[in-house]
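These are the residues of each chain, in order.
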Amino acid sequence: MANETMKIPQATAKRLPLYYRFLKNLHSSGKQRVSSAELSEAVKVDSATIRRDFSYFGALGKKGYGYNVNYLLTFFRKTLDQDELTKVALIGVGNLGTAFLNYNFYKNNNTRIELAFDVDSDKVDTKIGDVPIFHLDDLEEKVVAENIQVAILTVPSVHAQTITDRLVASNIKAILNFTPARLNIPASIRVHHIDLAVELQSLVYFLKHYPMNQENESE
Ligand code: ATP
């Protein structure tokens, strides 16, 4: 990862892909500059936060001019390692897993699901989109051979920990965990946990208990 990223606060780093996507769209529509107000409206982050975020990138917007779109895009591309492909494996080709394989993050240049694994003989040795599905027995061998760095877990939660242990032993660097299971992992491995059921419940809770137009949760 680029050195610059190390100095950027995590909250800022999390917003980078959001900014990047919007700036790419601006660039393809031929725009060469953008104000923090326009950005703020588009990505729903307040403009003071945007200005602070961008100051970490060395992008100092000029009054009445805004930010140079090309400069920002070059910076983001480097910082987000857009030129370098990170290979991803998906484990558990159920309803959610199938949706990810079909989607396969085609709008990101730098991440691609290369392999999928399941134990269901109806799914093993088939393909979804371009992604071949292998038996879980082949996990370690394929992950190492293909230099897979990231895994998406969409298996039933009872299997999440055993599979995680096998992934760790295969030198995986990060896991995107869609199961409700809390995983035990070495500190050197990054796990992001997305529990869709909890997210939905929390959204409904906020909907019921907090009036609208209060400040949105931004992180
Ligand atoms: P479906 O309707 O296809 O079963 P689902 O998302 O409701 O989808 P789950 O029971 O959550 O099904 O299982 C998700 C996927 O994980 C299934 O394709 C299942 O075959 C697979 N699976 C179950 N156990 C394992 C395991 N130990 N390793 C890998 N994949 C597994």
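Each remark here, short or long, concerns the structure printed above.
Residues numbered from 1 in each chain as written. Predicted model: local features only at pLDDT ≥ 70, side-chain atom pairs only at ≥ 80, totals over all residues. Heavy atoms only, no water.

Undergrad: Summarise the overall build of the protein chain; cite the residues concerned and give the values.
TA: When you go through the protein chain residue by residue, the secondary structure sums to nine helices and nine strands. Long-range contacts, defined as pairs at least 24 residues apart, comprise 56% of the intrachain contacts of the protein chain with a sequence gap of at least 6. Accessible surface for the protein chain amounts to roughly 13,600 Å². Of this, 52% is attributable to carbon and sulfur atoms. (Helix = DSSP H or I, 4+ residues; strand = E, 2+ residues; numbered from the N terminus. Contact = heavy atoms within 4.5 Å. Areas by Shrake-Rupley, 256 points an atom, 1.4 Å probe, with all protein chains shown as cover.)

Undergrad: Explain the environment of Val131 to me, using residue names and the numbers behind them.
TA: Within the element layout of this structure, Val131 appears in strand E6 (residues 131–135). Owing to a relative accessible area of 1%, Val131 belongs among the buried residues under this scheme. Linking Val131 and Leu90, residues 41 residues apart in sequence, is a C-alpha distance of 9.6 Å. Once residues within four sequence positions are removed from consideration, Val131 is found in contact with Leu101, Asn104, Ile113, Glu114, Leu115, Ala116 and Thr126. (Buried < 20%, exposed > 50% of the residue type's maximum accessible area, 1.4 Å probe, protein only.)

Undergrad: How would you explain the site of the ligand if you had to name every residue and give the values?
TA: Around the ligand lies a shell of 15 residues, among which Val93, Gly94, Asn95, Asp118 and Lys123 are the nearest. One of the backbone nitrogen or oxygen atoms of Val93 is found 3.2 Å away from an oxygen atom of the ligand. Contact with the protein chains hides 65% of the accessible area of the ligand, taken as 610 Å² for the molecule alone. Across the shell around the ligand, the residue classes break down as seven nonpolar, five polar and three charged. (Near = heavy atom within 4 Å. Polar contact = N/O pair within 3.5 Å; in protein donor to acceptor, adjacent residues only side chain to side chain. Nonpolar A, V, L, I, M, F, W, Y, C, P; charged D, E, K, R; others polar.)

Undergrad: Describe the pattern of salt bridges, naming the residues involved and giving the relevant values.
TA: Inspection of the entire model under this criterion finds five salt bridges. With its nearest N and O atoms 3.7 Å apart, the salt bridge here joins Glu146 to Lys87. Highlighted residues: Glu146 in the loop between helix H7 (139–145) and strand E7 (150–153) and Lys87 in strand E3 (residues 86–91), separated in sequence by 59 residues. (Salt bridge = Lys/Arg side-chain N within 4 Å of Asp/Glu carboxyl O.)

Undergrad: Provide a residue-level description of helix H8 (residues 160–169), including the pertinent values.
TA: Within the sequence span of H8, burial applies to Ala160, Ile163, Thr164 and Leu167. For H8, the buried positions fall inside an angular range of 105° around the axis, keeping them on one side. Contact partners of the buried residues in H8: E3, H7, E7 and strand E8 (174–177). At the C-terminal side of H8, Asn171 shows a positive phi close to 70°. (Arc of directions from axis to C-beta.)

Undergrad: I'd like a rundown of the side chain of Thr12, residues and numbers included.
TA: The topology assignment puts Thr12 in helix H2 (residues 10–28). Here Thr12 falls in the buried class, since its relative accessible area comes to 2%. Residue contacts for Thr12: discarding those within four places in its chain leaves Asp53, Tyr56 and Phe57.

Undergrad: Could you give an account of the pairing of E8, naming the residues involved and the relevant values?
TA: Bridging between E7 and E8 involves four bridges; their strand directions are parallel. Bridged to Val150 within E8 is Ala174. For the handedness criterion, the β-α-β arrangement of E7, H8 and E8 is classed as right-handed. In terms of strand pairing, E8 meets strand E9 (residues 190–193) through four bridges, oriented parallel. Looking across to E9, one finds that Ala174 is bridged to Arg190. (Pairing = 2+ DSSP bridges. Right-handed = clockwise from strand over helix to strand, strands pointing away.)

Undergrad: Describe the side chain of Thr154, listing the residues and the values that go with them.
TA: Inspection of the secondary structure puts Thr154 in the loop between E7 and H8. Classification of Thr154 by relative accessible area gives buried; the value is 12%. A polar contact is formed between the side chain of Thr154 and the backbone oxygen of Gly92, at a distance of 2.6 Å. When residues no more than four places from it in sequence are discounted, the contact partners of Thr154 are Leu90, Ile91, Gly92, Leu96, Gly97, Phe100 and Phe178.

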